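Commentary on secondary and tertiary structure
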Amino acid sequence: MADPTGFLKYDREEPPKKSYEERLSSWGEVYADVDPGERNEKVRKQASRCMDCGIPFCHSGGSGCPLGNLIPEWNDLVRRGDWAAASDRLHATNNFPEFTGKLCPAPCEAGCVLSISPASGGPVSIKRVEQTIADQSWEAGYVQPQVSEESTGRRVAVVGSGPAGLAAAQQLTRAGHEVTVFERDDRLGGLLRYGIPEFKMEKKVLDRRLAQLRKEGTKFVTSCEVGVDLTVEDLRAQYDAVVLAVGALRGRDDTTTPGRELTGIHLAMEHLVPANKFVEGDGPSPIDAQGKHVVIIGGGDTGADSYGTATRQGALSVTQLDQYPTPPSTRDDSRSPWPTWPYILRTYPAHEEAGERKFAVAVKRFVGSPEGRVTAVELQQVRVQKDPATGRREVIPVSEEVQTLPADLVLLAIGFEGVEEMPLLSGLGLSLTRRGTLSCGADWQTETPGVFVCGDAHRGASLVVWAIAEGRSVANAVDAFLTGASDLPAPVHPTALPLAVV
């Protein structure tokens, strides 16, 4: 039994971080190295705060973890010090807990019963417990290749090596199918490799898991754009099923603000990808923040990633702009009642290190030099409202006053519009929805027989935990398509959505 008074005995504690100076002087992860024994003991106390609720919203797909992680079970196993059993329970529902433990914003914690009232001391630090189980699993050798004893003789192509594609590939390989993952980049991992900065997840973590997939039998082909380097005709002839896990990397641009054509204004991914390649050892980035005043437009995860990258590159200043007002520091039950994802101010480690954020502002104009290079941005205070006729958001200036900020480098982190146009899609006879995604039926199959879709390509830009959940679910559908039935888990339906206030 769990300890129902554990949350009264122990305060919620976050893992210790390195000093700001140490973080900004290297690309390593922001969290401090802690002796494993000391780490495990501290996390055992954190796991003791879990009450094993009668209705565990933390692993509910709507209000918590879409993977259905058995959180109360492995919390109690950690409390008792049974790390091997905790590893088994965690890996039973999550192929890559070291990815989610580092990158997921933890909707499970928002759904924790201890999130109902601040008087509880805050939710169980589920993400920290998960990451520690993953770390201990690798350190103790619990993670081993799971090689299928039988081969079905069926071949599956997975296009894209992000978390959705890798999860689908691992599940299908373990089911006995011959799986090949195709990646157009020179290295594997998709956004895990070139979108996520090293200070959030060191790439040795990704490489370690890829080695396990290889030992299990999954094959990988890099620098191959399917539809160009491998024709669609050859793809369909060589494989019995195809899984599209191509992501939703078409970045949203700003085409209306005067001065957008100036040199020095880029989409955020144009900055993040070469910065990650630099850390991999590929040489200097062509878009470098060193010695520059950097302005980042957009208040989400991608903006924070660019923020931390710019400070590590040696920016003179970093300013992140958000058109919405400053969110509250605690949950507003009238706006986002428990157990929905709370609308609160989220401060990432990068925001603690340097720079500043400005809220309720928008760029009126980009200012440039005679040579056509951006030198400043002009800002206005704004409010965002919905047009009652169309339902579209409008950004309305609330003051004529204009503030000018120096800007030698401007990064647009204003979201993604969906799947990129690619020859593969037209070759397969597929078209995008109005949301820029690929649609599918209840069996994850697109309108083209034998072609399936999962992850951001189907859902739109979303969380790593949803990508893995969709990858696991599409593996069940592909396995059933190839063999007539499947025992693989399918944690989410293609129409599943997180609980939200409409």
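Coordinates for the structure precede this section.
Since we're looking at a predicted model, the values are computed, not measured.

The next subject is the sheet that holds strand 9 (residues 356–359). Strand order in the open sheet formed by 5 strands is 6-14-7-8-9, and the pairing between neighbours is parallel. A strand with exactly one partner marks an edge of an open sheet, and here the two such strands are strand 6 (265–267) and strand 9. Shown here is a sheet whose adjacent strand axes are inclined to one another by a mean of 20 degrees, direction ignored. In this sheet, strand 8 (residues 317–322) lies alongside strand 7 (residues 293–297) in parallel orientation, the contact comprising 5 bridges. Bridge pairing in strand 8 links Ile296 to Gln320. Sitting on the sheet, helix 13 (residues 268–280) touches strand 6 and strand 14 (409–412), and the angle it makes with strand 6 is about 75 degrees. Packing against the sheet, helix 14 (residues 301–313) makes contact with strand 7, strand 8, strand 9 and strand 14, and its axis sits at approximately 170 degrees to strand 8.

One water molecule sets the probe size; rolling that probe over the atoms shows where empty space is left. Applying the stated criterion to the full structure yields 2 cavities of 30 Å³ or more. Roughly 110 Å³ of volume is contained in the largest cavity. Lining the largest cavity are 16 residues, and of these Cys50, Cys53, Cys58, Cys112 and Val113 lie nearest its centre. Counting residues per element, the lining of the largest cavity draws most heavily on helix 4 (residues 71–79), which supplies 3 residues. Looking at the lining of the largest cavity, its residues break down into 13 nonpolar, 2 polar and 1 charged.

Bringing the pattern of salt bridges into the picture now. Two side chains that carry opposite charge are able to pair once their charged atoms sit near each other. Under the defined criterion, the tally for this structure stands at 32 salt bridges. Ionic pairing is found between Glu353 and Arg23, a salt bridge with its closest N-O pair at 3.0 Å. Here Glu353, found in helix 15 (residues 349–353), pairs with Arg23, found in helix 2 (residues 20–24); they are 330 residues apart in sequence, far enough to count as distant. Here Arg193 and Glu280 are joined by a salt bridge, their closest N and O atoms 2.8 Å apart. Remark: Glu280 occurs in helix 13 and Arg193 occurs in helix 10 (residues 191–194); sequence separation between them is 87 residues. With a relative accessible area of 25%, Glu280 lands in the partly exposed category.

Quick look at the sheet that holds strand 2 (residues 178–182) now. Whether parallel or antiparallel, the strands of a sheet pair through hydrogen bonds between backbone atoms. The 5 strands lie next to each other as 3-2-1-4-16, forming an open sheet whose pairing is parallel. This sheet does not close on itself; its edge strands, each paired only once, are strand 3 (219–221) and strand 16 (451–453). Strand after strand, the sheet turns through a mean of 20 degrees between neighbouring axes, direction not considered. Judged from the 3 bridges that link them, strand 2 and strand 3 form a sheet pairing that is parallel. Across the sheet, Phe182 pairs through a bridge with Val221, a residue of strand 3.

All right, on to the pairing of strand 11 (residues 374–386) then. Two strands pair when backbone bridges link them, and strand 10 (residues 361–368) and strand 11 are joined in this way by 7 bridges, in the antiparallel orientation. Within strand 11, the position partnered with Val361 by the bridge is Gln381. The turn joining strand 10 and strand 11, which pair antiparallel and follow one another in sequence, is formed by 5 residues; a positive phi near 90 degrees is taken by Gly372. When strand 11 meets strand 13 (residues 403–406), the two strands line up antiparallel, connected through 4 bridges. For Val377, the partnering residue across the bridge sits in strand 13 and is Leu405. Strand direction decides the pairing type here: strand 11 and strand 12 (residues 393–397), joined by 5 bridges, are antiparallel. Across the sheet, Gln385 pairs through a bridge with Glu394, a residue of strand 12. In textbook terms, the turn of a hairpin is the stretch between consecutive antiparallel strands, and for strand 11 and strand 12 this stretch comprises 6 residues, one of which, Gly391, has a positive phi near 80 degrees.

This part takes up the pairing of strand 14. The side chains of a regular strand alternate between the sheet's two faces. Side chains of strand 14 alternate between two faces, with Leu409 and Leu411 and Val410 and Leu412 buried alike. Inspection of the sheet shows strand 6 paired to strand 14 by 3 bridges, in the parallel sense. Residue pairing across strands places His266 opposite Leu411, the latter belonging to strand 14. With 4 bridges joining them, strand 7 and strand 14 adopt parallel strand pairing.

Take Arg331: it is sitting in the loop between strand 8 and helix 15. Buried within the structure, Arg331 lacks any salt-bridge partner; its nearest side chain of opposite charge belongs to Asp333, at an N-O separation of 4.4 Å. For Arg331, the side chain forms a polar contact with the main-chain oxygen of Thr340, separated by 2.8 Å. Ignoring sequence-local partners within four residues, the contact set of Arg331 consists of Ala110, Ser115, Ser336, Pro337, Trp338, Pro339, Thr340, Pro342 and Ile344.

Our focus in this paragraph is the nonpolar core. With 44 residues, the main nonpolar core has Val156, Met201, Val243, Phe452, Val474 and Val478 as its most contacted residues. Among the secondary structure elements, those contributing two or more residues to this core are helix 6 (97–103), strand 1 (155–159), helix 9 (163–174), strand 2, helix 11 (203–216), strand 4 (241–244) and helix 18 (464–483). The leading source of residues in this core is helix 18, at 11 residues. Beyond its immediate stretch of four places on either side in the chain, Val474 contacts Ala168, Val243, Trp444, Phe452, Val453 and Cys454. By size, the runner-up hydrophobic cluster in this structure holds 22 residues, among which are Val159, Cys224, Leu244 and Ala457.

This part covers the packing of helix 9 against helix 11. The N-to-C vectors of helix 9 and helix 11 enclose an angle of 30 degrees; their axes lie 10 Å apart at closest approach. Comparing the axis directions of helix 9 and helix 11 gives the class roughly parallel. Here helix 9 runs over helix 11; the crossing is left-handed. Of the residues in helix 11, those touching helix 9 at Leu166, Gln170, Thr173 and Arg174 are Leu206, Leu210, Gln212, Leu213 and Glu216. Looking at the contact of helix 9 with helix 11 residue by residue, the classes come out as 4 nonpolar, 3 polar and 2 charged.

Here is what the cut-offs are and how they apply
- Residues numbered from 1 in each chain as written.
- Predicted model: local features only at pLDDT ≥ 70, side-chain atom pairs only at ≥ 80, totals over all residues.
- Heavy atoms only, no water.
- Pairing = 2+ DSSP bridges.
- Helix = DSSP H or I, 4+ residues; strand = E, 2+ residues; numbered from the N terminus.
- Axes fitted to C-alpha atoms, helices over the stretch in contact; angles between N-to-C directions.
- Contact = heavy atoms within 4.5 Å.
- 1 Å grid on protein atoms, 1.4 Å probe; cavity = no way out; pocket = protein on both sides within 12 Å on 5 of 7 lines; lining within 4 Å.
- Points joined across faces, edges and corners; volume = space filled by probe spheres on them.
- Nonpolar A, V, L, I, M, F, W, Y, C, P; charged D, E, K, R; others polar.
- Salt bridge = Lys/Arg side-chain N within 4 Å of Asp/Glu carboxyl O.
- Buried < 20%, exposed > 50% of the residue type's maximum accessible area, 1.4 Å probe, protein only.
- Lys, Arg positive; Asp, Glu negative; His and termini not counted.
- Polar contact = N/O pair within 3.5 Å; in protein donor to acceptor, adjacent residues only side chain to side chain.
- Core = buried A, V, L, I, M, F, W, Y, C linked by side-chain atoms within 4.5 Å.
- Parallel < 35°, antiparallel > 145°, perpendicular 65-115°, else oblique.
- Left-handed = near helix turned anticlockwise from the far one by under 90°.

The quantities given are spatial measurements derived from coordinates; they are silent on function.
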